[in-house]
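If you want the building blocks of each chain, they are given just below.
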Amino acid sequence: MRIGMGYDVHPLVEGRDLILGGVFIPFEKGLKGHSDADVLVHAIMDALLGAAAMGDIGKLFPDTDERYKGASSLILLRKVGELIIQRSYRIENIDSIVVAQRPKIAPYVEEMRVNIAQQLEIYPDRVSIKATTTEGLGFIGAGEGIAAYAVALLV
């Protein structure tokens, strides 16, 4: 068994779509980043790569590479899943948390789970996504950004 942990954070800005777990969420701001800035999927990719001792997404998909500008994080997740399989690992489960003051994430969680599971070719019941706030504290509480944490278990 191998365990990996991932974390990602991006600032919220006007003029960008908000994509979390591959789901478009109607909101007045979106996450700033080189790709679609999907913090949830980025944290999950880092957890998977960490469990396999394969570095992080910055190493695999650098923000200096124009091929990844505006890229769907779900497509990048699929590539990470393929690398995990090539190393003869199987994803046992993923547990994750999205930390955002707004918008409410709960209505989109099931669709996110399905999206992530499809890209990794696992069952949705192996993907857990929770949402929480910071009770108004810090940059997340002020509505300046969104963060995500993830843990992955490979066997």
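These notes cover the structure that comes with them. Computed from a predicted model, the values in this text were never measured in an experiment. (Residues numbered from 1 in each chain as written. Predicted model: local features only at pLDDT ≥ 70, side-chain atom pairs only at ≥ 80, totals over all residues. Heavy atoms only, no water.)

What follows is about the pairing of strand β6 (residues 127–132). Judged from the six bridges that link them, strand β5 (residues 91–99) and β6 form a sheet pairing that is parallel. Across the sheet, Ser 96 pairs through a bridge with Ile 129, a residue of β6. The β-α-β motif built from β5, the intervening helix α4 (residues 109–120) and the parallel element β6 has right-handed crossover chirality. (Pairing = 2+ DSSP bridges. Helix = DSSP H or I, 4+ residues; strand = E, 2+ residues; numbered from the N terminus. Right-handed = clockwise from strand over helix to strand, strands pointing away.)

With that out of the way, let us pick up α4. When the terminal C-alpha atoms of α4 are compared, their 17 Å separation across twelve residues agrees well with the 16 Å that a helix rising 1.5 Å per residue should span. All buried positions along α4 are accounted for by Val 109, Met 112, Arg 113, Asn 115, Ile 116, Ala 117, Gln 119 and Leu 120. Just beyond α4, the residue with positive phi is Glu 121, at close to 55 degrees. (Expected span 1.5 Å × (residues − 1). Buried < 20%, exposed > 50% of the residue type's maximum accessible area, 1.4 Å probe, protein only.)

Taken together, the five strands give an open sheet; going across it, the order is β4-β1-β7-β5-β6, and neighbouring strands pair in mixed fashion. The sheet is open, and its two edges are formed by β4 (30–31) and β6, each paired on a single side. When β5 meets strand β7 (residues 145–154), the two strands line up antiparallel, connected through eight bridges. Bridge pairing in β7 links Asp 95 to Val 151. Packed on one face of the sheet, helix α1 (residues 39–51) meets β1 (2–13), β4, β5, β6 and β7 and runs near 155 degrees to β1. Relative to the sheet, α4 contacts β5 and β6, its axis offset from that of β6 by approximately 145 degrees. (Contact = heavy atoms within 4.5 Å. Axes fitted to C-alpha atoms, helices over the stretch in contact; angles between N-to-C directions.)

Looking at the element boundaries, Tyr 7 is found in strand β1. On the basis of relative accessible area, Tyr 7 is assigned to the partly exposed category, the value being 37%. Along the chain, Tyr 7 and Thr 134 lie 127 residues apart, while their C-alpha atoms are 16 Å from each other. Those residues in contact with Tyr 7 that lie beyond four places of it in its chain are Ala 43, Asp 46, Ala 147, Ala 148 and Tyr 149.

With that settled, the discussion passes to α1. In this model α1 runs 18 Å from its N-terminal to its C-terminal C-alpha over 13 residues, within 8% of the 18 Å that 1.5 Å per residue would give. Taken across its 13 residues, α1 has twelve buried, putting it largely inside the fold. Among the residues of α1, those classed as buried are Val 39, Leu 40, Val 41, His 42, Ala 43, Ile 44, Met 45, Asp 46, Ala 47, Leu 48, Leu 49 and Ala 51.

Bringing the packing of aromatic side chains into the picture now. Tallied over the entire structure, the rule returns two aromatic pairs. Between Tyr 7 and Tyr 149, the ring centres sit 4.8 Å apart and the planes meet at 45 degrees, which makes this aromatic pair tilted. You can see Tyr 7 sitting in strand β1 and its partner Tyr 149 sitting in strand β7, a full 142 residues away along the chain. Ring geometry for Phe 61 versus Tyr 68: centroids 5.2 Å apart, planes at 75 degrees, classification edge-to-face. Just as Phe 61 is buried, Tyr 68 falls in that class too. (Phe/Tyr/Trp six-rings, centres within 6.5 Å; stacked < 30°, edge-to-face > 60°.)

Turning to the environment of Glu 135, a few remarks are in order. Mapped onto the elements of the fold, Glu 135 is located in the loop between β6 and α5 (138–141). The spatial distance from the C-alpha of Glu 135 to the C-alpha of Ile 75 is 33 Å, given a sequence separation of 60 residues.

Take the nonpolar core next. As a rule of thumb, soluble globular proteins bury nonpolar side chains together. In terms of nonpolar packing, the biggest core is built from 45 residues, with Leu 20, Leu 48, Leu 77, Ile 116 and Ile 146 touching the most fellow members. Of all the elements in the fold, those that place two or more residues in this core are α1, α3 (73–86), β5, α4, β6 and β7. Of all the elements, α1 adds the most residues to this core, at ten residues. Once residues lying within four places of it in the same chain are set aside, the contact partners of Leu 77 are Val 41, Ile 44, Met 45, Leu 48, Ile 116, Gln 119 and Leu 120. (Core = buried A, V, L, I, M, F, W, Y, C linked by side-chain atoms within 4.5 Å.)

Geometry only, nothing functional implied.
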